[in-house]
Amino acid sequence: MSGPAGLDDTPTAGLPPAMAGIVEDFQALPERERLQLLLEFSQGLKPLPAEFEGHLEKMERVDECQSPVFISVDVEGPDAGNAVHLHVSAPPEAPTTRGFAGVLQEGLEGLPAQVVLDLPGDVCHRLGLDQAVSPLRMRGMTGMLARVKRQVRVATAA
Amino acid sequence: MSTPLDTDAKLAAYAHPEKLVTTAWLADRLGDEGLVVVESDEDVLLWDTGHIPGSVKVDWHTELNDPVTRDYVDGEGFARLMAAKGISREDTVVIYGDKNNWWAAYALWVFTLFGHPDVRLLDGGRAKWIAEGRETTTEVTQRPATDYPVVQREDGPVRAFKEDVLAHLRAPGGGKLVDVRSPQEYTGERTHMPDYPEEGTVRGGHIPGADSVPWARAAAEDGTFKSREDLEAIYQGEKGLSPDDEVIAYCRIGERSSHTWFVLSQLLGFGAVRNYDGSWTEWGNAVRVPIVKGPEKGSTGTTA
């Protein structure tokens with residue numbers, strides 16, 4: 001199964017290298033095992049920086065997720081290439097959401113802001129998880145990416 | 001029934017005490033022959049992070065639904081699923097899950113469509129088991145495949161379709177309906193649960209004549225069901241429902257109303273309770289069906 005088709009319909013088309021690598025890893029697995037890989041990403045989600053610990057009000061709630069999930073995006077200055085860093089708080093009882101957050105965190109880490117903004121909107125669906133996870137549950141990840149982009153847009157417009 | 005009943009005093013007061021077990025009862029019987037523990041969660045990966053030893057995962061979204069039709073699996077599909085999970089028709093199935101057993105109750109309701117003879121819910125679900133510090137494991141138990149018979153699904157007694165709800169509205173005296181969504185969803189102020197994603201309903205409000213009893217009113221602080229006395233005070237005392245009434249429960253997609261279906265039919269012994277699984281995502285988008293906005297119930301019979 002390939003990802004949603006563009007002109008180039010390979011699942012990695014138009015993706016930055018780290019995200020393309022993650023998509024390839026998922027696509028290389030049979031559908032059922034993709035869930036296990038998502039579980040590994042949920043375990044790899046980085047702990048929150050100290051400034052957010054106990055201060056979720058400083059972060060943005062992702063309403064599209066069925067669990068309390070909060071994100072915050074740092075965008076460094078032009079000297080540092082406008083590098084993007086994503087912080088996520090997601091509870092252990094929501095491993096699927098944590099997994100999606102882990103994919104975005106690893107796939108976007110350190111990318112220039114413009115590259116994040118240019119990410120194809122369907123990137124979440126290219127992991128090939130729609131069947132194993134169910135379409136309803138995919139909304140959370142799509143919502144998370146939309147909010148990451150919005151924060152990047154706000155940070156770079158300033 | 002192959003597995004003894006839980007004789008806990010609180011459970012004994014319910015109309016069907018055989019449909020519920022306590023965490024203590026289950027802990028004593030894990031691994032018993034003829035007992036299969038099933039976890040059914042909102043989060044598809046939660047079981048994988050740790051579960052009751054020996055339990056198997058049954059995912060409502062991806063395993064109990066037909067991937068094409070907006071419907072549940074058929075008799076062949078259910079038999080295949082049970083066989084693969086290592087569940088026999090004779091087994092006692094105890095279901096538990098996250099989020100106050102919503103999805104567990106939904107799974108139990110689907111098992112009921114196939115008339116699985118002995119299926120019970122773990123009172124308090126996953127959260128209570130973990131809060132009590134009981135054992136969990138990430139170890140996957142592969143139960144030997146079984147030969148589960150193909151049993152045709154019987155929707156009639158416990159499942160209502162949109163047409164059934166319309167007929168229910170026109171019944172003499174008006175059929176009873178219980179809307180188990182949040183008060184804001186009932187009035188039409190919003191079309192989805194607070195904190196939950198928008199799932200595309202065009203209109204907000206409720207089915208004419210429906211009583212508003214948010215599902216959570218049936219649950220105690222620790223996620224267990226309230227006592228029979230407390231439940232009677234809500235559904236019979238406050239709302240005036242009677243065990244002889246024909247009742248249809250609905251929510252947004254049918255999972256929270258499965259919880260209320262369980263309360264009314266299994267705990268309070270109402271004889272004719274159906275779950276309208278199309279619920280507000282269907283009703284709120286359907287062409288030319290009556291709805292009521294605001295806090296008033298509205299009436300059945302006249303508006304339809």
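Residues numbered from 1 in each chain as written. Chains lettered and ligands numbered in written order. Predicted model: local features only at pLDDT ≥ 70, side-chain atom pairs only at ≥ 80, totals over all residues. Heavy atoms only, no water.

1. Thoughts on the sheet that holds strand β7 (residues 210–212) of chain B
Within a sheet, neighbouring strands are paired by backbone hydrogen bonds and run either parallel or antiparallel to one another.
All names here are of chain B.
Here comes step 1: Ordered by their spatial adjacency, four strands build an open sheet running β7-β6-β8-β9, and the pairing between neighbours is parallel. With one partner strand each, in any of the chains shown, β7 and β9 (272–275) form the two edges of the open sheet. Direction aside, the axes of adjacent strands within the sheet are offset by 25 degrees on average.
Here comes step 2: Bridge count between strand β8 (residues 246–250) and β9: four bridges; the pairing is parallel. Within the sheet, the bridge partner assigned to Val247 lies in β9 and is Val273.
Here comes step 3: Each of β6 (176–179), β8 and β9 touches helix α7 (residues 162–170); the most contacted strand, β8, lies at about 135 degrees to it.
Here comes step 4: Across the sheet, helix α10 (residues 256–267) is in contact with β6, β8 and β9; its angle to β9 comes to roughly 170 degrees. (Pairing = 2+ DSSP bridges. Helix = DSSP H or I, 4+ residues; strand = E, 2+ residues; numbered from the N terminus. Axes fitted to C-alpha atoms, helices over the stretch in contact; angles between N-to-C directions. Contact = heavy atoms within 4.5 Å.)

2. Notes on the interface of chain A and chain B
Here comes step 1: If you look at the interface, chain A gives 24 residues, while chain B gives 19 residues.
Here comes step 2: With both chains or domains summed, chain A and chain B bury close to 1700 Å², and 54% of this area falls on carbon and sulfur atoms.
Here comes step 3: The largest share of the area that chain A buries against chain B comes from Gln66, Leu136 and Arg137 of chain A, three residues that together contribute 35% of it.
Here comes step 4: Counting across the interface, chain A meets chain B through zero salt bridges.
Here comes step 5: Secondary structure elements with two or more residues in the side of chain A that touches chain B: α2 (31–44), α3 (95–108), α5 (130–133) and α6 (135–157) of chain A.
Here comes step 6: A per-element tally of the side of chain A that touches chain B places α2 of chain A first, with five residues.
Here comes step 7: Looking at the side of chain A that touches chain B residue by residue, the classes come out as ten nonpolar, seven polar and seven charged. (Buried area = accessible area lost by both parts, 1.4 Å probe. Salt bridge = Lys/Arg side-chain N within 4 Å of Asp/Glu carboxyl O. Nonpolar A, V, L, I, M, F, W, Y, C, P; charged D, E, K, R; others polar.)

3. Some thoughts on the pairing of strand β3 (residues 84–89) of chain A
All names here are of chain A.
Here comes step 1: The buried fraction of β3 is high, at six of six residues.
Here comes step 2: Of the two faces of β3, the one lined by Val84, Leu86 and Val88 and the one lined by His85, His87 and Ser89 are each fully buried.
Here comes step 3: With six bridges joining them, strand β2 (residues 70–75) and β3 adopt antiparallel strand pairing. Counted as the bridge partner of Val75 is Val84 from β3. (Buried < 20%, exposed > 50% of the residue type's maximum accessible area, 1.4 Å probe, protein only.)

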